[in-house]
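What the coordinates show
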Amino acid sequence: MEKILTFETPRQVSELYRDSQKNLDAAESCFGVKIVTREAWISISGEDPDGVEKAAEFFRLLADARAQGLRFGQSDYESVMRKISSGGADDVRALFKNPIVYSFKRKSVVPKNINQKRYLQSMESNDIVIGIGPAGTGKTYLAVASALRALQNKVVERIILTRPAVEAGEALGFLPGDLQEKLLPYLRPLYDALYDMLGAEETAKLMEKRAVEIAPLAYMRGRTLSNAFIILDEAQNTTMEQMMMFLTRLGENSRMVVTGDVTQVDLPRNKRSGLKGAAEVLAGIDGIDIFRFDKADVVRHPLVSKIIQAYAAYNGEEI
């Protein structure tokens, strides 16, 4: 069986597989087909009609996404390929229907799976979103994207980033540099997301204008945060008291996103995680969404999901 997909230009074809023969080879292996590209067409052939159809659908959907202006990274290519190979073409179609695209200076951010799309929609429609899930699900990255989008559209006037500084086992006062430099090791994932979307120069400009503010969690007591998008990352390492203090900082025309992984709590054993407590205490309150990811939503290297599952099984935990 053979299917031939035709396009207007050779460039439209090469963009689908990111100009990489390795990506074509990966698609051949994934779908069990032979793929040949010449000029402005792709030929897909094989003995299994289902494999040929899935491969053709894969490239058709990538072409539809490109026509909408979506830009795919390597991980996007691999994620969509795996999804369609496992019978999830309907999910991919739903993902591309009325797509969410946040365009920034360096890249466009698009959700990679249905849960990521719902997460972005939740952050647009709720004042407080608590995102809980394992590493690699995009909780923090998408929260930063949503914050930048709100700043870009003048929905808020500033972004405030905070995180409990408990992982390093070293008091902030004994780290070198000013407050921003002291906090950098703890807030690195948030900085990385900003740099990825905006670049270092644009990020620095926003920080100089105080449109992006770094606020230690311990220093937020007594503040009322208005006209702001506030992100609390690694919230599993807050105490119940810290979480209540943080959430009650919400001011007029502000949004909050709290992210964390309840399987990676670094608090002393006699301290209950504020993230776990908030998920129970605040469930069912209008305007607050408790959003949960699971291991199936991991969008990093495929082994990450398997590692998470293996550790959960070893520790007798449910994810």
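Some thoughts on the pattern of salt bridges
The tally for this structure, following the rule as stated, stands at 18 salt bridges. One salt bridge in this structure joins R60 and E53, with 2.5 Å as the shortest N-O distance. The partner of E213 in a salt bridge is R158, with the nearest N and O atoms 3.4 Å apart. Of this pair, E213 sits in strand β8 (residues 212–214) while R158 sits in strand β7 (residues 158–162), and the two are 55 residues apart along the sequence. Connected through salt bridges with shared partners, the residues K3, E53, E57, R60, D90 and R93 form a single ionic network.

Points about the packing of helix α2 (residues 21–31) against helix α3 (residues 49–67)
Relative orientation of the contacting elements α2 and α3 amounts to 140°, with a least axis distance of 9 Å. Relative to α3, the element α2 lies oblique. Classified by chirality, the crossing of α3 by α2 is right-handed. Seen from α2, the contacting residues are L24, A27 and F31; seen from α3, they are G51, K54, A55, F58 and F59. Across the contact of α2 with α3, the residue classes break down as 6 nonpolar, 1 polar and 1 charged.

What counts and how
- Residues numbered from 1 in each chain as written.
- Predicted model: local features only at pLDDT ≥ 70, side-chain atom pairs only at ≥ 80, totals over all residues.
- Heavy atoms only, no water.
- Salt bridge = Lys/Arg side-chain N within 4 Å of Asp/Glu carboxyl O.
- Helix = DSSP H or I, 4+ residues; strand = E, 2+ residues; numbered from the N terminus.
- Axes fitted to C-alpha atoms, helices over the stretch in contact; angles between N-to-C directions.
- Parallel < 35°, antiparallel > 145°, perpendicular 65-115°, else oblique.
- Left-handed = near helix turned anticlockwise from the far one by under 90°.
- Contact = heavy atoms within 4.5 Å.
- Nonpolar A, V, L, I, M, F, W, Y, C, P; charged D, E, K, R; others polar.

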